[in-house]
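Residues per chain are reported as follows:
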Amino acid sequence: MCLCRRDIQIKKCRVFYIGTLSFGLDSVLGLLPLSPRSSEKNKTMTDVNVAELVRQSHEAKQKAYCPYSNFQVGAAVLTEEGTIFTGCNIENSSYSLTICAERTAVAKAVSEGYTKFKAIAVATNVSEKYMSPCGACRQFLSEFTKDSGDYDIYMSKPDLTYDKKKISELLPCAFSLN
Ligand SMILES: [Zn+2]
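Residues numbered from 1 in each chain as written. Predicted model: local features only at pLDDT ≥ 70, side-chain atom pairs only at ≥ 80, totals over all residues.

Under the annotation held in an unreviewed UniProt entry, the protein carries the name Cytidine deaminase and is attributed to Biomphalaria glabrata. Its UniProt record gives the protein the following Sequence similarities (unreviewed entry) comment, quoted word for word: "Belongs to the cytidine and deoxycytidylate deaminase family." (UniProt positions renumbered as here; feature names shortened; annotations may be inferred.)

Colleague: Run through the environment of Leu 141, naming residues and quoting values.
Modeller: Within the fold, Leu 141 resides in helix α5 (residues 135–143). When the 26 C-beta atoms within 10 Å are taken as the criterion, Leu 141 is described as buried. (Helix = DSSP H or I, 4+ residues; strand = E, 2+ residues; numbered from the N terminus. Buried ≥ 20, exposed ≤ 12 C-beta atoms within 10 Å, placed from the backbone.)

Colleague: So what about the UniProt feature "binding site: Zn(2+)" (unreviewed entry) in the protein? Which residues, and what values?
Modeller: Here the UniProt-annotated "binding site: Zn(2+)" (unreviewed entry) positions come out as Cys 100, Cys 134 and Cys 137. Annotated residues spanning 38 residues; largest pairwise C-alpha distance 8.5 Å, indicating a single compact cluster. Its location among the elements puts Cys 100 in the loop between β2 (84–88) and α4 (101–111). Classification of Cys 100 as buried rests on a count of 21 C-beta atoms within 10 Å. Inspection of the secondary structure assignment puts Cys 134 in the loop between β3 (117–124) and α5.

Colleague: Go over helix α3 (residues 50–61), please, and point to the residues and values.
Modeller: Over its 12 residues, α3 runs 17 Å from end to end, which matches the ideal 16 Å to within 8%, given 1.5 Å per residue. Along α3, 11 of the 12 residues are buried, which leaves the element largely enclosed by surrounding structure. Turning to α3, its buried residues are Val 50, Ala 51, Glu 52, Leu 53, Val 54, Arg 55, Gln 56, Ser 57, His 58, Ala 60 and Lys 61. (Expected span 1.5 Å × (residues − 1).)

Colleague: Let's hear about unusual backbone geometry: which residues, and what values?
Modeller: Even without a glycine there, the phi angle at Asn 70 is positive, about 55°. Within the secondary structure, Asn 70 sits in the loop between α3 and β1 (73–79). Judged by the 9 C-beta atoms lying within 10 Å of it, Asn 70 falls in the exposed class. Phi at Cys 173 is positive, roughly 60°, even though this residue is not glycine. Considering the arrangement of structural elements, one finds Cys 173 in the segment after α7 (167–170). Given 7 C-beta atoms within a 10 Å radius, Cys 173 is considered exposed.

Colleague: Describe the nonpolar core, listing the residues and the values that go with them.
Modeller: Judged by nonpolar contacts, the single largest core of 36 residues is most densely connected at Ala 75, Val 77, Ile 120 and Ala 121. Among the secondary structure elements, those contributing two or more residues to this core are α3, β1, β2, α4, β3, α5 and β4 (152–156). Here this core takes 6 residues from β3, the largest share from any one element. Excluding anything up to four places from it in sequence, Ile 120 contacts Ala 75, Ala 76, Val 77, Glu 102, Ala 105, Leu 141 and Ile 153. (Core = buried A, V, L, I, M, F, W, Y, C linked by C-beta atoms within 7 Å. Contact = placed C-beta atoms within 7 Å.)

Colleague: Describe in detail the sheet that holds β4, supporting the description with residues and values.
Modeller: One open sheet holds the 5 strands; their spatial order is β2-β1-β3-β4-β5, and the pairing between them is mixed. Since the sheet does not close on itself, it has two edges, and those belong to β2 and β5 (162–166), each with one partner. Taking the axes of each pair of neighbouring strands and ignoring which way they run, one obtains an average angle of 20° across the sheet. Where β3 and β4 come together, 5 bridges link them in parallel fashion. Looking across to β4, one finds that Val 122 is bridged to Met 155. (Pairing = 2+ DSSP bridges. Axes fitted to C-alpha atoms, helices over the stretch in contact; angles between N-to-C directions.)

In structure tokens form, the structure reads like this:
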């Protein structure tokens, strides 16, 4: 897929989301990345916004490996450089080895050299409320506020509406060795 075609697709998405959902344009604009375009391989976005981040978290949800709970979760983390990394929950027969979508996405980013985040979006199939990360993920996400500052988390429903909070709101008094 060439970059021109990608831009066209992103613009279509933006028009659709802004036209149909209730979240604020200010928060959309607040996530415009500062970095210039880079390669398609790294998924760097030139006009990333909240709607796109939420959309990608729901797309990632489709890849969830959850044969035991059937509870699909997706996450998409936006780096300071404008790159998005996605992840899903990965369950295991030995239940405690299960890894959450948020940690999958962040682990992918960190393993590629990215530790500064602007935001993370989390998606589930629960429509009754905005599902928030588990305690382990809250601590995991909090680790990167040292590099990133107190970044945003968007907890979303299948209709792509979301609730926005800061990481520190989810885990005040996080454990830290500093
Ligand atoms: Zn978790």
